[in-house]
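A closer look at the structure
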Amino acid sequence: MIIKPRKSLSGTMKVPGDKSISHRAIMLGALAEGTTTIKGFLMGEDCLSTITCFQKMGVHIDIEDAIVTVEGKGLRGLKKPTSELDVGNSGTTLRLLSGILAAQDFECTITGDDSIKTRPMKRIIEPLLKMGAHITSINDNDRAPLYIKGSTLQNITYHSPVASAQVKSCIMLASLFTEGQSTIIEPVRSRNHSEIMLNVFGGHIEADGCAITTSPVDQLSATDIIVPGDISSAAYFMVAGLILEDADITIEQVGINPTRDGIIHVLQAMNGNITVFNKRIMNGELVADIRVQSSQLKGTIIDKPLIPTLIDEIPVIAVAACFAEGTTLIKDASELRVKESDRIATMVSELTKMHADIQGTEDGMIIHHSPHLIGNDVESYHDHRVAMSLAVAGLAAKGITTIHHSDCVDISFPHFFKLINGIS
Ligand SMILES: O=C(O)C1=C[C@@H](OP(=O)(O)O)[C@@H](O)[C@H](O)C1
Ligand SMILES: C=C(OP(=O)(O)O)C(=O)O
């Protein structure tokens, strides 16, 4: 994909539906009694992988006029798939689905693409084993493919070593099939979409700081979900709006759940002119419209409690930091090393090619003011967030930027390039 520089960006727009919420709506819809409809579902490859996995387990899921309908099978109604479940590039699908599979009365294998096979799975294998699951890494390397033979699970009190909503949600989903309460304690609170949505479906989840407790329910009940725009996708337009010379854009109906809104706070602390208005609640999720205007940014420090609230936005925050006076320090973010790519290494190497003054550290990055980026040939490493962040850098750079393997944006943001080139 070729990105040409531009000075202005204006207008009102929407971004596609939230990826985390879309995955969860399919999973809970499949386990509920009755028919769930989902509006605003993210038709990205990751969420389509979740749909395919559940269809393979006998769940009728239709997409018509952009509305997804899920015929729930109830907690005990999934069928053994006739072949292995393929999650593609989606860590969320693999980790959450494993929690469900651990309690079924069948065995199966769950796998995905080359990137997923490098990502750490011990973080879910360990708690699931403690719950009595039969789960093994087929190549004995704590990575996918995983073989899971459903069994009777016990409740658990688990101190998670990582702040990960995927780990927390995996255990929460497994605990739907146990008797007694389960408690999961995280070092720092991660996104809480599973807690919110489970309660909307009739589950019993209580949160107390970094701990959540699940209580057993006999069944989940189908509901209608409207998925807000994904703040992780809005992030590219927020940063573009701040760093381009003449920008004024409004992004409507974006999810601003306080466990996800770190990017707004950080960009505001960097002197970004961002207004959040028209706040409302949809299916228990806080939603708002966001106006962004060109700003002279200044450097900041981003560390521990904030990191889970903006983990997927760090690549594009690194781009913003190039345009911020002074230095931006990002630390406590070693989780970036185990995403679709090692996002510290990939962002540092590709932004360096564009003349950014950026260094990687073990758990983050140090970025010095380097606003005169130069377009270059850069590589996405098949990582959607890297591709889109480099596109934003390309808009603000001098000369042409060519992003290789840019198709991966379809993972979380189909039509990203059409939107970014189409907006006036
Ligand atoms: O639960 C989720 O929907 C997600 C949680 C985060 O991962 P971790 O749980 O590994 O932090 C995030 O990076 C991912 O894009 C989506
Ligand atoms: C890390 C991501 O997703 P997942 O873990 O679901 O692959 C992401 O979307 O940036």
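Residues numbered from 1 in each chain as written. Chains lettered and ligands numbered in written order. Predicted model: local features only at pLDDT ≥ 70, side-chain atom pairs only at ≥ 80, totals over all residues.

Under the annotation held in an unreviewed UniProt entry, the protein chain carries the name 3-phosphoshikimate 1-carboxyvinyltransferase and is attributed to Vallitalea pronyensis. The UniProt entry for the protein chain carries the following comment under Subcellular location (unreviewed entry): "Cytoplasm". Of the protein chain, the UniProt comment under Sequence similarities (unreviewed entry) reads exactly: "Belongs to the EPSP synthase family." (UniProt positions renumbered as here; feature names shortened; annotations may be inferred.)

Around ligand 2, the structure places Lys19, Asp46, Ser90, Gly91, Thr92, Asp312, Lys339, Glu340, Arg385 and Ser412. Tallied by class, residues from the shell around ligand 2 come to no nonpolar, four polar and six charged. Lining the shell around ligand 2 are residues from two domains, each supplying at least three of them: domain 1 (2-15 + 228-422) and domain 2 (19-224). (Near = placed C-beta within 6 Å. Nonpolar A, V, L, I, M, F, W, Y, C, P; charged D, E, K, R; others polar. Domains from an automatic or database assignment.)

Mapped onto this structure's residue numbering, the UniProt feature "active site" (unreviewed entry) falls at Asp312. Relative to the assigned elements, Asp312 resides in the loop between helix H9 (307-310) and helix H10 (314-322). Apart from residues no more than four positions distant in its own chain, Asp312 is found in contact with Ser232 and Arg385. (Helix = DSSP H or I, 4+ residues; strand = E, 2+ residues; numbered from the N terminus. Contact = placed C-beta atoms within 7 Å.)

Within the structure, ligand 1 sits among Ser20, Thr92, Ser164, Ala165, Gln166, Ser169, Ser190, Arg191, Ile311, Asp312 and Glu335. Top element by residues in the shell around ligand 1 is helix H5 (residues 165-174). It accounts for three residues. When grouped by side-chain class, the residues that make up the shell around ligand 1 number two nonpolar, six polar and three charged. Both of domain 1 (2-15 + 228-422) and domain 2 (19-224) provide at least three residues apiece to the shell around ligand 1.

The biggest cluster of nonpolar side chains holds 74 residues, and the ones touching the most others in it are Met238, Val239, Ala240, Ala318, Ala320 and Val392. Among the elements that take part in this core, helix H7 (residues 231-243) stands out by supplying ten residues, more than any other. Residue contacts for Val239: discarding those within four places in its chain leaves Val316, Val319, Ala320 and Val392. Core analysis: the next-biggest nonpolar cluster, separate from the first, contains 64 residues, Ile116, Ile148, Ile184 and Met197 among them. (Core = buried A, V, L, I, M, F, W, Y, C linked by C-beta atoms within 7 Å. Buried ≥ 20, exposed ≤ 12 C-beta atoms within 10 Å, placed from the backbone.)

Here the focus is the sheet that holds strand E2 (residues 8-14). Read across the open sheet, the four strands follow the order E2-E17-E19-E18; overall the sheet is mixed. Unpaired on one side and paired on the other, E2 and strand E18 (273-282) mark the two borders of the sheet. If you compare each strand with its neighbour and ignore which way they point, the axes differ by 15 degrees on average. Of the strand pairs in this sheet, strand E17 (residues 246-255) and strand E19 (residues 285-293) are connected by six bridges, and their pairing is antiparallel. Paired with Ile251 across the bridge in E19 is Ile290. This element, H7, spans E2, E17, E18 and E19 of the sheet and lies at about 165 degrees to E17. (Pairing = 2+ DSSP bridges. Axes fitted to C-alpha atoms, helices over the stretch in contact; angles between N-to-C directions.)

Let us now look at the sheet that holds strand E10 (residues 146-149). Sheet architecture is open: four strands sit in the order E7-E8-E10-E9, paired in mixed fashion. Each having just a single partner strand, strand E7 (85-86) and strand E9 (134-137) make up the two edges of the open sheet. In terms of strand pairing, strand E8 (residues 107-111) meets E10 through four bridges, oriented antiparallel. Counted as the bridge partner of Ile110 is Leu146 from E10.

The next point concerns helix H2 (residues 45-56). Over its twelve residues, H2 extends 16 Å from the first C-alpha to the last, a length consistent with the 16 Å expected when each residue adds 1.5 Å. Of the residues making up H2, those classed as buried are Asp46, Cys47, Leu48, Ser49, Thr50, Ile51, Cys53 and Phe54. Elements that come into contact with the buried residues of H2 comprise helix H1 (19-31), strand E5 (61-64), E7 and helix H3 (91-101). (Expected span 1.5 Å × (residues − 1).)

The subject of this paragraph is the pairing of strand E23 (residues 364-368). Bridging between strand E21 (residues 327-330) and E23 involves four bridges; their strand directions are antiparallel. Across the sheet, the residue bridging to Leu329 is Ile366, located in E23. Relative to E23, strand E22 (residues 357-361) runs antiparallel, the two sharing five bridges. Paired with Gly360 across the bridge in E23 is Met365.

Each domain of the protein chain was delimited in the assignment, giving domain 1 (2-15 + 228-422) and domain 2 (19-224). Once you take the C-alpha centre of each, domain 1 and domain 2 turn out to be 28 Å apart. The interface of domain 1 with domain 2 comprises 21 residues on the first partner and 22 residues on the second. Its residues assigned to classes, the side of domain 1 that touches domain 2 shows seven nonpolar, eight polar and six charged.

We now examine the packing of H1 against helix H6 (residues 193-200). Packing of H1 against H6 leaves a shortest axis separation of 10 Å and a crossing angle of 35 degrees. As for how H1 packs across H6, the hand of that crossing is right-handed. Contact residues: Ser20, Ile21, Arg24, Ala25 and Leu28 in H1; His193, Ser194, Met197 and Leu198 in H6. Classifying every residue of the contact of H1 with H6 gives five nonpolar, three polar and one charged. (Left-handed = near helix turned anticlockwise from the far one by under 90°.)

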